[in-house]
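Structural characterization, general
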Amino acid sequence: MQKKFMLNYVIIGLLLVWAAWQLTPTLRYELMSEERKEELRMTGELQALEEKIIRRGLDLQGGMHLVLEVDVAQLTQNIAQNKSQSYYQFMSQVQEAYKADPDRDYFDILEEMANAQNFRLARHFPGRGDNNSQIVSSLKQEAKDAVIRAQEIIRNRVDQFGVSEPTIQRQGDRRIIVELAGITDPERATNLIQSTAQLEFVLLKDPEVVQDAIARIDAVMKKVDPETLKDTTRIEETVSKDKEVSIEELFGLADEEAKDSVALVDENIFEERPFSALLRNLGNDIGVPVENYYAVNRILQNPEVQRTLPADLRILWSNKTETFTTQDGSKVAFYRLYFVNREPVLTGNVITDAKATLGGMSGTNMGQPIVNLSMNSEGAKTWARVTGANIGKRIAIVLDNKVQIAPVIRDRIAGGKTVIEGLTSIEEAKDIEICLKAGALPAPVEIIEKRTIGPSLGADSIRKGTTSVLMGLLIVIIFIIINYKGAGVIAFVTLVLNIAFVLSALALLRATLTLPGIAGLVLTVGMAVDANVIIFERIREELRKGKTVKAAVDNGFSRAFITILDANLTTLIAALVLWQFGTGPIRGFAVVLFWGIVFNFVSGYFISKTILTSITHNKTLKKLSI
Amino acid sequence: MLQIFVDTHYDIVGKRVYASWISGILILLGLLSLMFQGLNFGIDFSGGTLIQMKFNEPITAGEIRSLLKNPKLGTPQIQRSGPDEYMIRVLTVGTGDEIQKIIEEDLQEKSFEVRRVEIIGPIIGLELRQKAINAILVALFFILIYISIRFEFKFALSAVIALFHDVLITLGFFSIFQWEISMPVLAAFLTIVGYSLNDTIVIFDRIRENKLSHKNKTFPDIINLSINESLSRTIITSFTTLLVVLALVLFGGEVLFGFSIAMVIGVIVGTYSSNFIASPILIMLEQRKRNKIKTKK
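Residues numbered from 1 in each chain as written. Chains lettered and ligands numbered in written order. Predicted model: local features only at pLDDT ≥ 70, side-chain atom pairs only at ≥ 80, totals over all residues.

Re the overall build of chain A
Within chain A, the regular secondary structure consists of 22 helices and 18 strands. The buried share of chain A, reckoned over its 626 residues, is 41%. Of all intrachain contacts in chain A linking residues separated by at least 6 positions in sequence, the fraction that spans at least 24 positions is 70%. (Helix = DSSP H or I, 4+ residues; strand = E, 2+ residues; numbered from the N terminus. Buried ≥ 20, exposed ≤ 12 C-beta atoms within 10 Å, placed from the backbone. Contact = placed C-beta atoms within 7 Å.)

Examining the domain arrangement of chain B
Reports often express the size of an interface as the amount of accessible area lost when the parts come together. Examined at the domain level, chain B breaks down into domain 1 (3-41 + 124-296) and domain 2 (48-120). On a C-alpha basis, the centres of domain 1 of chain B and domain 2 of chain B stand 39 Å from each other. (Domains from an automatic or database assignment.)

Notes on the interface of chain B and chain A
At the junction of the two partners, chain B supplies 61 residues and chain A supplies 60 residues. Residue composition of the side of chain B that touches chain A, grouped by class: 35 nonpolar, 15 polar and 11 charged. The sheet contact formed by strand β17 (residues 445-453) of chain A and strand β5 (residues 112-120) of chain B spans five bridges and is antiparallel. Looking at the pairing, A:Glu449 lines up with B:Ile120 of β5(B). (Nonpolar A, V, L, I, M, F, W, Y, C, P; charged D, E, K, R; others polar. Pairing = 2+ DSSP bridges.)

Digging into the pairing of strand β3 (residues 77-82) of chain B
The two faces of a sheet get side chains in turn, since along a regular strand they alternate between them. Relative to strand β4 (residues 85-90) of chain B, β3(B) runs antiparallel, the two sharing five bridges. Paired with B:Gly82 across the strands is B:Glu85, a residue of β4(B).

Points about the sheet that holds strand β13 (residues 369-375) of chain A
Residue and element names in this part refer to chain A. The three strands are arranged β12-β13-β16 in an open sheet whose pairing can be described as antiparallel. Looking at the sheet topology across the chains shown, the edges are occupied by β12 (351-358) and β16 (418-420). Direction aside, neighbouring strands of the sheet carry axes that sit 25° apart on average. By the bridge criterion, three bridges tie β13 to β16 in an arrangement that is antiparallel. Among the inter-strand pairings, Leu373 is bridged to a residue of β16, identified as Thr418. The strands touched by helix α18 (residues 426-438) within the sheet are β12, β13 and β16, with β12 carrying the most contacts at an inclination of about 165°. (Axes fitted to C-alpha atoms, helices over the stretch in contact; angles between N-to-C directions.)

Remarks on the nonpolar core
A:Ala396 and B:Ala139 are the most contacted members of the largest nonpolar core, which has 235 residues in total. Sequence-distant contacts of A:Ala396, defined by excluding residues within four places in its chain, comprise A:Val202, A:Leu204, A:Tyr338, A:Val340, A:Val403 and A:Ala406. (Core = buried A, V, L, I, M, F, W, Y, C linked by C-beta atoms within 7 Å.)

Observations regarding the environment of A:Leu204
Residues and elements named next belong to chain A. Mapped onto the secondary structure, Leu204 falls in the loop between β5 (199-203) and α10 (207-223). On a C-alpha basis, the gap between Leu204 and Arg412 in space is 17 Å, while along the polypeptide they are 208 residues apart. Setting aside residues up to four positions removed in sequence, Leu204 forms contacts with Tyr338, Phe339, Val340, Lys393, Arg394, Ile395, Ala396 and Ala406.

Re the domain arrangement of chain A
You can read the domains of chain A as domain 1 (63-194 + 444-452), domain 2 (205-329) and domain 3 (454-616). Distance between the C-alpha centres of domain 1 of chain A and domain 3 of chain A: 46 Å.

Considerations on the sheet that holds β17(A)
The sheet built from eight strands is open, its strands ordered β3(A)-β4(A)-β2(A)-β17(A)-β5(B)-β2(B)-β4(B)-β3(B) with antiparallel pairing. With one partner strand each, in any of the chains shown, β3 (167-171) of chain A together with β3 of chain B form the two edges of the open sheet. Pairs of neighbouring strands in the sheet enclose a mean axial angle of 20°, with direction left out of account. Along the sheet face, helix α8 (residues 132-161) of chain A touches β2 (63-70), β3, β4 (175-181) and β17 of chain A and points at about 15° away from the line of β4(A).

Some words on the packing of helix α9 (residues 186-194) of chain A against α18(A)
Residue and element names in this part refer to chain A. Put simply, α9 and α18 touch, their axes get as near as 10 Å, and they point 35° apart. Pair α9 / α18 crosses with right-handed handedness. In this structure, α9 uses Arg188, Asn191 and Leu192 to contact α18, whose residues at the interface are Glu427, Asp431, Ile434 and Cys435. (Left-handed = near helix turned anticlockwise from the far one by under 90°.)

Focus: the confidence of the model for chain A
Residues and elements named next belong to chain A. Per-residue pLDDT for chain A averages 81, and the proportion of residues at 70 or more is 90%. Least confident of the elements in chain A is helix α13 (residues 255-263), whose mean pLDDT is 38; most confident is strand β8 (residues 313-318), at 90. Every residue in residues 227-263 is under pLDDT 50, and counting partners more than four places away or in other chains gives 60 contacts. (pLDDT = per-residue confidence, 0-100.)

Overview of the environment of B:Ala278
Its place among the elements puts B:Ala278 in helix α9 (residues 257-296). Taking the number of C-beta atoms within 10 Å as the measure of exposure, B:Ala278 has 29 and is therefore buried.

Here we look at helix α1 (residues 16-36) of chain B
Here α1(B) is 21 residues long and its end C-alpha atoms lie 30 Å apart, about the 30 Å a rise of 1.5 Å per residue gives. Remark: B:Gly38 follows α1(B) within two positions and exhibits a positive phi of approximately 70°. (Expected span 1.5 Å × (residues − 1).)

Things to note about the pairing of strand β10 (residues 331-341) of chain A
Residue and element names in this part refer to chain A. When strand β7 (residues 285-289) meets β10, the two strands line up antiparallel, connected through four bridges. Considered in β10, the bridge of Gly287 is made with Arg336. Across five bridges, β8 lies against β10 in antiparallel orientation. The partner of Leu313 across the bridge, within β10, is Asn341. Inspection of the sheet shows strand β9 (residues 322-325) paired to β10 by four bridges, in the antiparallel sense. Paired with Thr323 across the strands is Ala333, a residue of β10. Counting the residues between successive antiparallel strands, the hairpin from β9 to β10 contains five residues, one of them, Gly329, with a positive phi of roughly 90°.

Structure below.
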């Protein structure tokens, strides 16, 4: 072999060694039996191996992708102090304006409206500056910190949940992306992540206040022609300003079942008190049949209803339903509805420890899942004072705005030991423990995007993707070898190498291979073929002009180079822009396409040139198999 | 073997009147459909909920539709994605898993496995659409600059006009057949942009080369010669690429269908436009420049 090709072959050799080195772990992993994997998992070797293999996207291995947005409005609400009637009114206006135009920044709207209405924010956000703009910029900073804190807390929770290689990253100012591979219970994971773990102890309102509130809601709802509530056609706009609602939607039921739900309305009082008609008496509590849940919620969210209620009143649902047998023997499931103080007496930040367990041998919670709480000294002091001062009253233990339990305070509780009861399973108790220990989220997070892919679908996609790549490759190779004969074999080698190099790059960079990524691989095959076709056609052209084999090959490559360069670079630009501006699936595609083009220069041009020119270097060669 | 397009002398440039008729009609049909039918945006861009379920018993889309009667679902789109497997799309986004639960409740008498759930909030959908449009515009801008540097501005302009032509026709097909525009389809559109460019550049590269070596020929003749010289490569490459994307259509499954079909149309339209649209536009631009010089004299 001539010296001038030595260097080229050394480079190619090194590239091959590199690719083999990068791809061995993946191959080993793929070919390994499940039993062997379990064995290695024990020794920790599997984890080390998993660090080196090509990562599969969620669409290929199954899992969950979540985009969460931190509720900055609620965050602001949590920070605010001296909350007066005028404060709540102002804030609800800001909230409405924000809902109408969600593209704008919440704090910009807040500042604009505060200035327009001469509303002094300083009263409610002391210590954050003198004028509105100072306060708003301080709040903005607070929100940014809150998102970072939320990210940390979610990471803690996910770590305790036990998922391999979770991805938790921030996106922009308000968003957090969570990716969990191979989880089996997406619902539980979502609840765990989304739970703000905001634990509150809130005193219940006295019965007179509750009666008064219900009477006020009835008065508002009566203004709506009550018949329209029962009528199956439409409800007037007062019920819902955003859109008209049919009774089915109000009750969350379809036509046939609507009849049953109407039966749950107390016909005797419907005319006079349409809201009360949806409620039932459950001892000391107010019960709402499950069928009426949507209707009641809708009424409570009605802006006009909200305006008529006292500012320090909050209405909360129980965390689950209970089934009772009515007088006529039928079983009805109820939620409980609680009327509580807006300001909690204690919140979860005084909790120092939480432990999920099954209740003891005796007592009301015998054998039931419970969570034991311990408080810090400050919390314990307040707790003792509040319980001491309100003996005989009821206090609600509220988690994430759902009432877990609302016991009557029988005695002063000193020492800060408290129990959360009323849980349905030990898993639920465990999740509460995780959330309380990892800390409360600074503000609620809302899921704005969620993609869950089952593991069987992922396996399907891998099979289909691999088949497509292999079939595409096979068809192309058959075609190209028929067409270009000997040279076609070289093209075949470079094609396979191109794919191997792209996969190696993915393994090295720990990039993720997704389904669109496989599509990108297919396209890479197309691009690589094109490079070969351009070169071979040029060489044929030169041969037809009567050039010697050596001259034709040399000329062919040098002329084809410019064409390949320009053609590939323009596509490279498209790939880079996609990489930069695309999200999720598009990015997966762009990454593969990018590396495909880069290695197209390496294998499609450099390697095939080295092979072809070293073969034809011998000037005596008269005929080229092309 | 297959050296059939060697040394051809087709008068491609002379056929440009027919070509503009064909393109004009295709674009017009597409635009009419875009105006009256619009595009079928998937939940990626419109927001909504998608649930893919595999049933353990034979079932038809009609049966599923008749079972899904909760008014919160609106009119669900039901699409078959495999044997006894369906994708149910709903335009509403409930709180949390609300929509999924409603669908599962409505279908509770059937036995099934949920294979995929996607919930996209309406704001996200809007953002993704905006981002996608931005990405295409940014890509076109950089491509314009690159070609202007490597060739001339009029080459860049012709290439980009040809690109608009390709994307417009492909979009037209998606509107006429109401195929869903999803994230992967968007990626396909961008690939079409890349592919069609690739094709155009290969011919432009020939034109650039022939302009130097055939100084005595007229510009239209040079273009015709260049197209003919590249024809063999154009046809072989397009044919192989078509084979590859057809493999995707056949073996890629429902998830990749939109992507694959967009690629098939894109490859065909892209090849056609490189030969019949981009180059004639170049002649037009060249002639306008000459006319200007003449009138100045």
